[in-house]
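Next come the chains, spelled out residue by residue.
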Amino acid sequence: MKKLILLFLATATFSVVSCSSDDGGSKDIKPEGYPETLNQVAFNAQAPGTRMVLTGKGFDEAKSSEYKITFVKALPTKSSNAVIAPRAPKPEESNENVEAYIFKVTPTEVHFEVPKEVGNGTVYFEYKKYKTPIGNYQKKVK
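Residues numbered from 1 in each chain as written. Predicted model: local features only at pLDDT ≥ 70, side-chain atom pairs only at ≥ 80, totals over all residues. Heavy atoms only, no water.

A. Here's a closer look at unusual backbone geometry. With a phi angle near 50°, Lys128 is a residue other than glycine that sits in the positive phi range. Mapping Lys128 onto the fold places it in the loop between strand E7 (121–127) and strand E8 (130–137). Backbone geometry at Lys129 places phi at a positive 65°, although glycine is not the residue there. Secondary-structure assignment places Lys129 in the loop between E7 and E8. Overall, Lys129 belongs to the exposed group, its relative accessible area being 77%. (Helix = DSSP H or I, 4+ residues; strand = E, 2+ residues; numbered from the N terminus. Buried < 20%, exposed > 50% of the residue type's maximum accessible area, 1.4 Å probe, protein only.)

The structure is reproduced here in C-alpha cells:
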C-alpha cells in the first residue's frame, strides 16, 4: 500500500513539473527591425488633420512604408443613413481602423497626420503586424 501511495505522489509531482508555465512557450516576440523604444503621444484633443510626432529610438527611414499608425475609425453619426444599434458601443468597438498618413521618418521620430475620419480610442504603432499602443485619442469637441 505504501508503494502505491509513493507511486501516486511521484506521478503527481512529475505531472505538475512537466506542466510548468516557464517552459519557453510561445511569447510575443517583436519582429527584427522593430524600434527599440516608443514613447507615448499626448493627443490632448487634437483636431483631425493635425500633424503630430511619435518619438522613440530605432526608426528606419528605409522601412517607413512598412510602418503604420492606426486609429479607431469614427462610428456613423445620426445624420447618416446608418442603422442605429440597440445600445451604444464602447469607443473601441468600431470594427474598422484608419491609418494615419506618415510623411517623415528619422531615427528618433515618425511624423504623421491625424486622419480626418478618426474616432475615439487607442492608437497603435504597427510594424510587420506587431502592435504597440502609443496613446489614446479623444476627438476634439467644438
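B. Here's a closer look at the sheet that holds strand E3 (residues 67–72). Spatial ordering of the open sheet is given by E4-E3-E7-E8, a layout of 4 strands whose pairing is antiparallel. Both outer strands of the open sheet, strand E4 (97–99) and E8, are each paired with one neighbouring strand and no more. Geometrically, the sheet is characterised by an average inter-axis angle of 30° between neighbouring strands, direction not taken into account. (Pairing = 2+ DSSP bridges. Axes fitted to C-alpha atoms, helices over the stretch in contact; angles between N-to-C directions.)

C. Geometry of the side chain of His111. Secondary-structure assignment places His111 in strand E6 (residues 109–113). With relative accessibility at 14%, the residue His111 sits in the buried group. Here Glu109 takes part through its side chain, which lies 2.9 Å from a polar atom of the side chain of His111. Once you skip the residues sitting within four places of it in the chain, His111 turns out to touch Met52, Val53, Tyr101, Ile102, Phe103 and Lys104. (Polar contact = N/O pair within 3.5 Å; in protein donor to acceptor, adjacent residues only side chain to side chain. Contact = heavy atoms within 4.5 Å.)

D. The arrangement of the pattern of salt bridges in detail. Enumeration over the complete set of coordinates arrives at 4 salt bridges. In this structure, Arg51 and Glu113 form a salt bridge, with 3.7 Å as the shortest nitrogen-oxygen distance. Within this pair, whereas Arg51 is found in strand E2 (residues 51–57), its partner Glu113 is found in strand E6, the two being separated by 62 residues in sequence. Arg51 gets classed as exposed once you look at its relative accessible area, which sits at 53%. Between Glu99 and Lys68 there is a salt bridge, with its nearest N and O atoms 3.9 Å apart. With Glu99 in strand E4 and Lys68 in strand E3, this residue pair connects regions lying 31 residues apart in the sequence. (Salt bridge = Lys/Arg side-chain N within 4 Å of Asp/Glu carboxyl O.)

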